[in-house]
Amino acid sequence: MSDAAAAQTVTTPSEPGLPKRPGTCVFTHIKSVEERLSDGNNQWVAGSGSAVALTNGGYQVSYDQLPEVDSAHSGDRVMMCLVALPTDCPTGDDRGKVYTTTDLRTMKSWTLPDSEHECGGA
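Residues numbered from 1 in each chain as written. Predicted model: local features only at pLDDT ≥ 70, side-chain atom pairs only at ≥ 80, totals over all residues. Heavy atoms only, no water.

A few words now on the environment of Gln65. Among the structural elements, Gln65 can be located in the loop between strand 3 (59-61) and helix 2 (67-70). In the structure, Gln65 is positioned 15 residues away from Ser50 in sequence and 4.9 Å away in space, judged by C-alpha atoms. Side chain to side chain, Gln65 and Ser50 meet in a polar contact 3.4 Å long. Side-chain polar atoms of Gln65 contact the side chain of Asp70, separated by 3.1 Å. (Helix = DSSP H or I, 4+ residues; strand = E, 2+ residues; numbered from the N terminus. Polar contact = N/O pair within 3.5 Å; in protein donor to acceptor, adjacent residues only side chain to side chain.)

Let us look at a nonpolar patch on the surface. A cluster of nonpolar side chains, Phe27, Leu104 and Met107, forms an exposed patch at the surface whose accessible area comes to about 290 Å². You can see Phe27 is positioned in strand 1 (residues 25-35). Taking the relative accessible area as the measure of exposure, Phe27 reaches 40% and is therefore partly exposed. (Patch = residues over 30% accessible without salt bridge, like charges linked within 9 Å, V, L, I, M, F, W, Y side chains within 5 Å. Areas by Shrake-Rupley, 256 points an atom, 1.4 Å probe, with all protein chains shown as cover. Salt bridge = Lys/Arg side-chain N within 4 Å of Asp/Glu carboxyl O. Buried < 20%, exposed > 50% of the residue type's maximum accessible area, 1.4 Å probe, protein only.)

What follows concerns the state of the cysteines. As enumerated under the stated definition, the model contains 1 disulfide in all. Each sulfur in the disulfide pair Cys25 and Cys81 lies 2.0 Å from the other. Between Cys25 and Cys81 the sulfur-sulfur dihedral comes to about 105°; the bridge is accordingly right-handed. Of this pair, Cys25 sits in strand 1 while Cys81 sits in strand 4 (residues 77-84), placing them 56 residues apart in sequence. Taking relative accessible area as the criterion, Cys81 reaches 12% and is therefore assigned buried. (Disulfide = S-S within 2.5 Å.)

Let us look at the side chain of Ser115. Within the element layout of this structure, Ser115 appears in the segment after strand 6 (108-113). Apart from residues no more than four positions distant in its own chain, Ser115 is found in contact with Val61, Arg95 and Gly96. (Contact = heavy atoms within 4.5 Å.)

Pairs of aromatic rings are described using the distance from one ring centre to the other and the angle between the two planes. Counted under the stated rule, the structure contains 0 aromatic pairs. The ring of Phe27 is capped by Arg77, whose NZ or CZ atom sits 4.4 Å from the centre of that ring. (Phe/Tyr/Trp six-rings, centres within 6.5 Å; stacked < 30°, edge-to-face > 60°. Lys NZ or Arg CZ within 6 Å of the ring centre and 35° of its normal.)

A word on the nonpolar core. Ranked by internal contacts, the top residues of the largest apolar core, which has 13 residues, are Ile30, Val52, Leu54, Val69 and Trp110. In this structure Trp110 touches Ile30, Val52, Gln60, Leu66, Glu68, Val69, Ala72, Tyr99, Thr100, Thr101 and Asp103, once residues within four positions along its chain are discounted. (Core = buried A, V, L, I, M, F, W, Y, C linked by side-chain atoms within 4.5 Å.)

Attention now goes to the pattern of salt bridges. One pass over the structure, following the stated rule, counts 4 salt bridges. For Arg95, the salt bridge goes to Asp93, with nearest N and O atoms at 2.9 Å. Judged by its relative accessible area of 17%, Asp93 is buried. One network of salt bridges, with partners in common, ties together Asp94, Lys97 and Asp114.

Okay, structure coming up:
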């Protein structure tokens with residue numbers, strides 16, 4: 001087997017990182033659909049808000065329970081777009097990026113931040 005053929009058989013697409021500039025998007029997958037809060041014993045608190053973790057390291061959270069997020073399933077392919085960056089943040093605090101994510105199975109979208117608080121907040 002040639003080196004090129006061997007490389008083709010073991011090469012798989014890597015998971016993209018997060019979009020870096022507003023208006024840019026990446027395709028990724030749902031890692032888990034969660035509630036916003038857990039009780040400390042790895043049990044989700046029903047009705048505490050929606051949260052979703054993505055396989056590219058992304059995370060989105062809401063104090064509200066969002067049916068669009070709650071209808072997503074682990075493994076669903078999504079398109080995640082950066083729509084806003086926080087401004088005037090303390091050094092090292094980059095919370096508050098806002099993403100719009102569309103679940104390509106359900107064709108439902110949500111726009112949520114990556115943290116419960118913006119940079120400089122609680």
